[in-house]
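Chain and residue survey
Here are the chains, one letter per residue:
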Amino acid sequence: MNPESSALNGTGKPTSQDVAKALRGRIDSGDLAVGDAMPTQAVLVEEFGVQRSVVRQALKLLQQEGLLTEVTRGAPARVADHSARTEASDGTPRETMVALGPRITAAFGAADVRIDALCLTAESLSAALGEQRRLVHTRESIPATVTVRVLMPNRSIDLAFPRMVDSPEEADPVHHRWLKMRNAHGTVLSDHLRGLGAAHGIDVDVQFKALPFTPPVKLYLLNGAEALFAYYRVTKREEQINRQPVTMYDALGGESPLFSFGAGAGPGQPQRDHAFVVQSQAWFDALWTTIATDLNLG
């Protein structure tokens, strides 16, 4: 057994967290640089003296932290760009538009990709998935299936936001603009995924459903292993719509800090994060199968 691994804990039998900590140290120190292939699972099993399942779980933990890509059975994982983390070096969460893309890229390292999202317009998700058309083409391995489910507000409800501050006497131009954005981003998202499937022989399933309320948060669930969560911060602002100044309550979701659960490495965090992911998935599934209705993007 490697001296490094034997000193990981007092039992002499490293856990997946222990193995992940040792490998994380090599990445942070630069011994394993961005783009480098990790040792094979067989090599790591021998080095740390553990079962293959322990090594596999350790690699998944590092993937969830944004440190590895391509954690599949077909090829050794590779060290990812550290910008794939949802947090800056000082621990500050990154904005959704910055942080979501790398997390989606990491999720596409699985053989079967599953993404569930609750949002206002799917703008951030559409941008992140659009990038996959380029990235998948350069990968040594690609997913076999991609399943995406998106929950967005129903077109006929009175949104809490975005909306005009003063109730309009005629049709609300802010609501009309939101509806156009929701339908446009949803359509582009669907086109990105179906184009990806056609180009690479991936079995793609994308579905949309409508909610009877305005979601106060955005939520992304990746492969049942990670939950990304951000608040919609409502602001009052003025914008030109149809060449007329309109004062509205709006939420700029792309600028909201994105928090990641499921990749915690501190004491007690894995259990807490795991519980958050499980409960978030259960909440999403309950909405999907009960009060959500079919959504028409037309």
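Conventions adopted
- Residues numbered from 1 in each chain as written.
- Predicted model: local features only at pLDDT ≥ 70, side-chain atom pairs only at ≥ 80, totals over all residues.
- Heavy atoms only, no water.
- Helix = DSSP H or I, 4+ residues; strand = E, 2+ residues; numbered from the N terminus.
- Areas by Shrake-Rupley, 256 points an atom, 1.4 Å probe, with all protein chains shown as cover.
- Buried < 20%, exposed > 50% of the residue type's maximum accessible area, 1.4 Å probe, protein only.
- Pairing = 2+ DSSP bridges.
- Phe/Tyr/Trp six-rings, centres within 6.5 Å; stacked < 30°, edge-to-face > 60°.
- Lys NZ or Arg CZ within 6 Å of the ring centre and 35° of its normal.
- Expected span 1.5 Å × (residues − 1).
- Contact = heavy atoms within 4.5 Å.
- Axes fitted to C-alpha atoms, helices over the stretch in contact; angles between N-to-C directions.
- Polar contact = N/O pair within 3.5 Å; in protein donor to acceptor, adjacent residues only side chain to side chain.
- pLDDT = per-residue confidence, 0-100.
- Parallel < 35°, antiparallel > 145°, perpendicular 65-115°, else oblique.
- Nonpolar A, V, L, I, M, F, W, Y, C, P; charged D, E, K, R; others polar.
- Salt bridge = Lys/Arg side-chain N within 4 Å of Asp/Glu carboxyl O.

Okay, the overall build of the protein chain next. Helix and strand counts for the protein chain stand at 8 helices and 12 strands. When the accessible surface of the protein chain is summed, it comes to about 14,400 Å², and 51% of that surface belongs to carbon and sulfur atoms.

This part takes up the pairing of strand β8 (residues 226-231). The element β8 is largely enclosed, with a buried count of 5 among its 6 residues. Sheet analysis places strand β7 (residues 217-222) next to β8, joined by 6 bridges and oriented antiparallel. Bridged to L221 within β8 is A227. Linkage of β7 to β8, two consecutive antiparallel strands, is achieved through a turn of 3 residues, within which N223 is found at a positive phi near 55°.

A ring pair, where both rings are aromatic, is described by two values, the distance of the centres and the angle of the planes. Evaluated as defined, the whole model comprises 5 aromatic pairs. The structure contains a cluster of three or more aromatic residues connected by ring pairs, namely F229, Y231, F261 and F276. One Lys or Arg, R149, reaches over the ring of W288 and ends 5.1 Å from the middle of that ring.

Let us look at helix α2 (residues 16-29). Between its terminal C-alpha atoms α2 stretches 20 Å, which fits the 20 Å expected from 14 residues at 1.5 Å a residue. In the segment just after α2, G30 is the residue with positive phi, at about 95°.

The antiparallel open sheet is built from 3 strands, whose spatial order is β5-β10-β9. Whereas interior strands pair on both sides, the edge strands pair on one side only; in this sheet they are β5 (163-164) and β9 (234-241). Across 8 bridges, the pairing between β9 and strand β10 (residues 244-251) is antiparallel. In the sheet register, E239 faces β10, and the bridge partner there is V246.

Most peptide bonds take the trans form, and the phi angle of most residues other than glycine is negative. In the segment running from F161 into P162, the intervening peptide bond is cis, with an omega of -5°. Mapping P162 onto the fold places it in the loop between β4 (145-153) and β5. You will see that A122, though not glycine, has its phi angle at about 70°, which is positive. The exposure class of A122 is buried, given its relative accessible area of 3%. Despite not being glycine, N223 shows a phi value in the positive range, around 55°. Counting through the fold element by element, N223 comes out in the loop between β7 and β8.

Further remarks concern the sheet that holds strand β12 (residues 293-294). Taken in spatial order, the 7 strands make up an open sheet running β11-β8-β7-β3-β4-β6-β12, and their pairing is mixed. Looking at the sheet topology across the chains shown, the edges are occupied by β11 (259-261) and β12. Pairing geometry for strand β6 (residues 203-211) and β12, over 2 bridges, is antiparallel. Counterpart to K209 in the pairing with β12 is D294. Helix α7 (residues 173-200) contacts β4 and β6 of the sheet and is inclined by roughly 165° relative to β6.

Turning next to α7. Between its first and last C-alpha, α7 extends 41 Å over 28 residues, near the 40 Å set by a 1.5 Å rise per residue. Two or three places before V174, at the start of α7, stands the capping residue D172, its side-chain oxygen 2.9 Å from that residue's backbone nitrogen. G201 sits one or two positions beyond α7 and adopts a positive phi of about 65°.

On average, the protein chain scores 84 in pLDDT, and the residues at 70 or more come to 85%. The low-confidence segment residues 1-9, where pLDDT is below 50, has 20 contacts with residues more than four positions distant or belonging to other chains. Confidence drops under a pLDDT of 50 for residues 264-268, and excluding neighbours within four residues, the segment shows 5 contacts in the predicted structure.

Right, let's talk about the packing of α2 against helix α3 (residues 41-48) for a bit. The N-to-C vectors of α2 and α3 enclose an angle of 110°; their axes lie 12 Å apart at closest approach. With respect to their mutual orientation, α2 and α3 come out roughly perpendicular. Contacts from V19, A22, L23 and R26 in α2 reach L44, E47 and F48 in α3. Residue classes in the contact of α2 with α3 are distributed as 5 nonpolar, no polar and 2 charged.

Our focus in this paragraph is the pattern of salt bridges. Pairing between side chains of opposite charge can happen when their charged atoms approach one another. Applying the stated rule across the entire model yields 10 salt bridges. Note that D250 and R177 form a salt bridge whose closest N and O atoms lie 3.7 Å from each other. Residue D250 is found in strand β10, and its partner R177 is found in helix α7; the two are separated by 73 residues along the sequence. Under the relative-accessibility criterion, D250 is labelled buried at 6%.

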